[in-house]
Structures are given as structure tokens and as C-alpha cells.
Amino acid sequence: MKVRQWRFVMLVVAMASLIEAKKYSCVPSGNEVCQMHSVFYDPEKSHNHEFPGNQTHVRIGTAGWSRSIESVVRTFDLQLYKQLGQPVSVEIINAGMKELIIPAKIRHGNFDDNHLTSFALEATADSPNIIYLDLSRNAIVDIKNVSNMVNLETLVLVSNQILNLDDNPLVNLKKLKHLYLNHNELTSISGEHFPNSLITLGLYSNHIKTIRGDLELPSLESLNLEHNMLSEINPSKMVESMPKVYEILIHSNRFPHDKVPEYAKAFKRLNITVSSDADDASCYYNNVEIEGICVQEGNDSGRSWFKATLLTVLTIVLGIVFVLALVWIYRAMNE
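Everything in this summary refers to the structure shown in the same document. Every value quoted in this text rests on a predicted model; they were computed, and no experiment measured them. (Residues numbered from 1 in each chain as written. Predicted model: local features only at pLDDT ≥ 70, side-chain atom pairs only at ≥ 80, totals over all residues. Heavy atoms only, no water.)

**Things to note about helix H4 (residues 260-269)**
Thinking step 1. Buried within H4 we find Val260, Tyr263, Ala264, Ala266 and Phe267. End-on view of H4: buried residues confined to an arc of 165°, all on one side of the axis. Among the exposed residues of H4, those oriented more than 90 degrees off its buried face are Lys265, Lys268 and Arg269.
Thinking step 2. Those residues of H4 that are buried lie in contact with helix H3 (235-241), strand E19 (247-249), strand E20 (287-290) and strand E21 (293-296).
Thinking step 3. With its phi angle positive at about 60°, asparagine 271 sits one or two positions after the end of H4. (Buried < 20%, exposed > 50% of the residue type's maximum accessible area, 1.4 Å probe, protein only. Helix = DSSP H or I, 4+ residues; strand = E, 2+ residues; numbered from the N terminus. Arc of directions from axis to C-beta. Contact = heavy atoms within 4.5 Å.)

If you want it as C-alpha cells, here you go:
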């Protein structure tokens, strides 16, 4: 009997050790952010977590070029959010996250540099509170769930795999002011894709070849179209459809070289900035600068054809001369 009781006690102790809560603490940072390191969370495992209480801003993971993966949070869900104490600001960065459910109470969310392909929003009758969302450096293709985040003011979707906006997931975001879609896979845009509230629109380094119709963004002040595949624009119409715009960055597109002076003159007349300080400092190796605008080389079809033809002819001529020289040398040596 005593042996059985002892075994029972040992079993209870073993089970207790399995469910013993892992305790975390905030790393001193000199600000109000609770930074936590070495957090490992998997909702399918039975480990409990004890996080610091009464925190309004929680950060898990590290950012920056020298970062390394030191936390693994495969899923951010309502269960983890509750264990964290339901802070209004949550950052989970570079933590291998594959599933994201955004709680309705969050106001600021940063889930940069994870493995997300999509995301979801907590089902609730109330409007979600979130006003800032950063989902940069993931593998997101589908952003349809963003359409319910009606209080969003800033949305950062840099370096994802978004192919198009044809389902108009953004037009319902009437409070959205700053939208960054840099480094995605967009090939075409239209004013119908964006809410009228936008002030900043970043489309740097996509594959945009066409702008369908006029953008018609009455509040827009800054538009970045650099490093795309545009071959033509209409400066006057663009500015007319965006009356508050002061900056339209157009470096490194595929404009015909003979059209660039015309564009530069038109934007200057309209008092629109077309390049940033970084652009003024240098053009990329495959660009040529015309009237202060970097343009991808090889876009002037006439000049490019002439150059290519001339180089081909010169190569052939030099080849013939070289062969004839070898023949002459060979004959001279055998005489």
C-alpha cells in the first residue's frame, strides 16, 4: 500500500513539474516597453507562462541587422494575448511566427520579419481598436482581412508577396493615412484601390507597369513610385487628381529618355519634388541621369537599338581583323 501511495505522489510531482509556469521578466530598457527575451510559445504544448503584469507595451524578439532568433512564437492568438495581460501595444519580431490572430483590443501591432502568409482578426461585434499595424518582411499574399480594421491609420506591408489589390481590401479604411507597399509584386494600380484619406503612399520597388485612370487621391501629399516599370506618365493629370501632393518620386523607371526632360520640366513647373536626397547622391549602376532623374538604361528604344547594332558591327569587324591578322602572321612565318 505504501508503495502505491509513493508512486502516486511521484506521479503528482511529475505532472506538476510539467505544468510548472515558466516565468518571464522585463529587461531594463530605460523606457516603458517591456522587452522579453527567450520566449518560446506553442499553444499545443502544456507549458504555462507567467508574464509580467500591468504592461501596456510588450516586445518579444529583436530587430536590426545584427539580430538573431532568440524567441520562438509560432502563434500569436487570443490565449497568448490574455497571458500577456492584454497590452494595447504588442511587438513580436523575428520569432518564426506562422499564425497571427489580431485581438480586437490591440491599438499598435508590430509583427515584422516572421513567416506569415496571411493573418486573421478576432471575431467581435465591436470595431477593432488597432490604428497601427506593421507586417513587413513576411510572405503575405492575401490581405483581405485588413478590410475590417476600420480604425487603421498606418499600415506597413513592406517586403511581402502581394500581387494585386483587385479585391479592393483597402477602400473601407476611411481613417488610413499612411500606407507602405514597398517591395511587393504589384504590376498595376488604380485610384479605386485606395481610400481618399491617404496622405502617404509608398510603392517603391514593385513591378508596376500601368496606372489605370487617375489616382484621384484628394489628401495625398507624398507618392513614391521609384524602381518600377512605368514607361509613361502624365504629370499634369497626376497633380490635378492629387491637389495636395508635393512629392512624386519617379526615379528608376522605364521612361523613354527623350521624354524625361519633358516630365522634369512639367513637374518643376507644378512645384513637385521628383527625387529625394538619396537619389540626388547617386544613380544605380544600370541607370542614367537625365535632368536630375535616374532612368533605367536601355529604355530609349531608338538609341538602344543603334547602340546594340553598332556594338555588334564593331565586334564582327574586330573579329574579322583578328582572324586576318592571324592568317597573315601564319603565312609570314612559313615563307
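From this point, the narrative continues.
**Regarding the state of the cysteines**
Two cysteines joined by a covalent bond between their sulfur atoms form a disulfide.
Thinking step 1. In total, this model carries 1 disulfide according to the counting rule given.
Thinking step 2. The disulfide partner of cysteine 26 is cysteine 34, and the gap between their sulfur atoms is 2.0 Å. Disulfide cysteine 26 to cysteine 34: torsion about the S-S bond roughly -90°, handedness left-handed.
Thinking step 3. We classify cysteine 34 as buried; its relative accessible area is 1%. (Disulfide = S-S within 2.5 Å.)

**Observations regarding the side chain of threonine 75**
Thinking step 1. If you trace the backbone, threonine 75 turns up in strand E7 (residues 75-76).
Thinking step 2. Judged by relative accessible area, which is 8%, threonine 75 ranks as buried.
Thinking step 3. Here threonine 75 is in contact with Tyr41, Pro43, Leu80 and Glu99, once residues within four sequence places are set aside.

**What to know about the layout of surface pockets**
Thinking step 1. Empty space within the largest pocket amounts to approximately 240 Å³.
Thinking step 2. Lining the largest pocket are 14 residues, with Ile211, Gly213, Ile233, Asn234 and Met238 positioned closest to its centre.
Thinking step 3. Where the lining of the largest pocket is concerned, the elements lending two or more residues are strand E17 (210-212) and H3.
Thinking step 4. Top element by residues in the lining of the largest pocket is H3. It accounts for 3 residues.
Thinking step 5. Of the residues in the lining of the largest pocket, the class split is 5 nonpolar, 5 polar and 4 charged. (1 Å grid on protein atoms, 1.4 Å probe; cavity = no way out; pocket = protein on both sides within 12 Å on 5 of 7 lines; lining within 4 Å. Points joined across faces, edges and corners; volume = space filled by probe spheres on them. Nonpolar A, V, L, I, M, F, W, Y, C, P; charged D, E, K, R; others polar.)

**Things to note about the side chain of aspartate 112**
Thinking step 1. For aspartate 112, the location among the structural elements is in the loop between strand E10 (108-110) and strand E11 (120-121).
Thinking step 2. Setting aside its immediate chain neighbours within four residues, aspartate 112 contacts Ile92, Ile93, Asn94, Asp134, Ser136, Arg137 and Asn138.

**Let's talk about the pairing of strand E8 (residues 89-93)**
Thinking step 1. Here E8 lies mainly inside the structure; 5 of its 5 residues are buried.
Thinking step 2. Of the two faces of E8, the one lined by Ser89, Glu91 and Ile93 and the one lined by Val90 and Ile92 are each fully buried.
Thinking step 3. Relative to E8, strand E5 (residues 57-61) runs parallel, the two being bridged by 5 bridges. Bridging from a neighbouring strand, valine 58 pairs with valine 90 of E8.
Thinking step 4. Pairing analysis gives 3 bridges linking E8 to E10, with the strands arranged parallel. Note on E10: the bridge partner recorded for glutamate 91 is asparagine 110. (Pairing = 2+ DSSP bridges.)

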